[in-house]
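Letter by letter, the chains look like this.
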Amino acid sequence: MVHVAFADALAYARWTGKELPTEAEWEFAARGGLDGAEYAWGSEFTPGGKHLANTWQGEFPRQNLNEDSYERTSPVTAFVPNGYGVSDMIGNVWEWTTDWYTQKHDADAPKACCIPENPRGGAENASYDPCQPNIKIPRKVIKGGSHLCAPNYCRRYRPAARHAEAVDTSTSHVGFRCIVRK
């Protein structure tokens, strides 16, 4: 499902008795057990020339080669699941998380030993776009990149990549997934 603002995604998750993931939970699931790998499937973007996620092939925005057979979004489970059995965590559509966007986690430190196990986003009032000081629309973290991400333009199809999205915005390449907490 695409074209959903954050409140709509959250309402659906609650209606089904589920939740939206935090940024850290989303990234953990996307890595599929491959800690430290650049991509959710390993160290190469297209191992053996094979696309493992729906991203833009060619020079964005002029040329889409459609090498993965999808000009826009792909059907769910179009690509092989990761090590945790989760499909389509990378590319296709950005996915909402519950964390407020911040440039940097408060607990970030130069040493990996000091980064929190489950970092959380900043405060809502700190998530506003500093380039637009007169517009006070809070932003959440979205993860995964989309079918519009290309190596020459947007490398946000990596598990570690993140982006800010205004909570009142819906687009054709932003969606969500629900999780069940135990």
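Before reading further, recall that the structure is shown in the block above.
Throughout what follows, the structure given in this document is the object of discussion.

Along the chain, Phe 60 connects to Pro 61 via a cis peptide bond; the corresponding omega equals 0°. Even without a glycine there, the phi angle at His 3 is positive, about 60°. Note on placement: His 3 falls in the segment before helix H1 (6–15). Backbone geometry places Asp 88, a non-glycine residue, at a positive phi of 55°.

Within the largest apolar cluster, 23 residues are counted, with the highest numbers of intra-cluster contacts made by Phe 6, Leu 20, Ile 90, Trp 94, Trp 96, Tyr 157 and Phe 176. Mapped by element, the contributors of at least two residues to this core are H1, helix H2 (23–31) and strand E1 (94–100). For this core, the element with the highest residue contribution is H1, accounting for 4 residues. When residues no more than four places from it in sequence are discounted, the contact partners of Leu 20 are Phe 6, Ala 9, Leu 10, Ala 13, Thr 98, Phe 176, Arg 177, Ile 179 and Arg 181.

The tally for this structure, following the rule as stated, stands at 9 salt bridges. Of the charged contacts in the structure, one is a salt bridge between Arg 162 and Glu 23, with a shortest N-O distance of 2.6 Å. Residue Arg 162 is located in the loop between strand E2 (139–143) and strand E3 (163–166), and its partner Glu 23 is located in helix H2; the two are separated by 139 residues in the primary sequence. Assessed through its relative accessible area of 4%, Glu 23 is described here as buried. Residues Glu 59 and Arg 62 are paired through a salt bridge, measuring 2.9 Å at the closest nitrogen-oxygen approach. Here the salt bridges share partners, and the residues they tie into one network are Glu 23, Glu 27, Arg 31, Lys 143 and Arg 162.

Taken as a whole, H1 has its buried residues at Phe 6, Ala 9, Leu 10 and Ala 13. With its buried residues spanning 95° around the axis, H1 presents them on a single face. Across H1 from its buried face, at more than 90 degrees, point the exposed residues Ala 7 and Trp 15. At its buried positions, H1 is contacted by E1 and E2.

Within a sheet, adjacent strands bond to each other through the backbone by hydrogen bonds, running parallel or antiparallel. One open sheet holds the 4 strands; their spatial order is E3-E2-E1-E4, and the pairing between them is mixed. Bordering the open sheet on either side are E3 and strand E4 (174–175), each of which pairs with just one other strand. One ladder, built from 2 bridges, connects E1 with E4; its direction is parallel. Along E4, the bridge assignment pairs Trp 94 with Val 174.

Attention now moves to the layout of surface pockets. Of the pockets and cavities examined, the second largest pocket occupies roughly 280 Å³. Lining the second largest pocket are 15 residues, with Met 1, Val 76, Val 93, Glu 95 and Phe 176 sitting closest to its centre. Grouping the amino acids of the lining of the second largest pocket by side-chain chemistry returns 6 nonpolar, 6 polar and 3 charged.

A cluster of nonpolar residues, Met 1, Tyr 12 and Trp 15, forms a patch on the protein surface that exposes about 440 Å² of accessible area. Tracing the sequence through the fold places Trp 15 in helix H1. A relative accessible area of 69% means that Trp 15 is categorised as exposed.

The rules behind the values
- Residues numbered from 1 in each chain as written.
- Predicted model: local features only at pLDDT ≥ 70, side-chain atom pairs only at ≥ 80, totals over all residues.
- Heavy atoms only, no water.
- Helix = DSSP H or I, 4+ residues; strand = E, 2+ residues; numbered from the N terminus.
- Core = buried A, V, L, I, M, F, W, Y, C linked by side-chain atoms within 4.5 Å.
- Buried < 20%, exposed > 50% of the residue type's maximum accessible area, 1.4 Å probe, protein only.
- Contact = heavy atoms within 4.5 Å.
- Salt bridge = Lys/Arg side-chain N within 4 Å of Asp/Glu carboxyl O.
- Arc of directions from axis to C-beta.
- Pairing = 2+ DSSP bridges.
- 1 Å grid on protein atoms, 1.4 Å probe; cavity = no way out; pocket = protein on both sides within 12 Å on 5 of 7 lines; lining within 4 Å.
- Points joined across faces, edges and corners; volume = space filled by probe spheres on them.
- Nonpolar A, V, L, I, M, F, W, Y, C, P; charged D, E, K, R; others polar.
- Patch = residues over 30% accessible without salt bridge, like charges linked within 9 Å, V, L, I, M, F, W, Y side chains within 5 Å.
- Areas by Shrake-Rupley, 256 points an atom, 1.4 Å probe, with all protein chains shown as cover.

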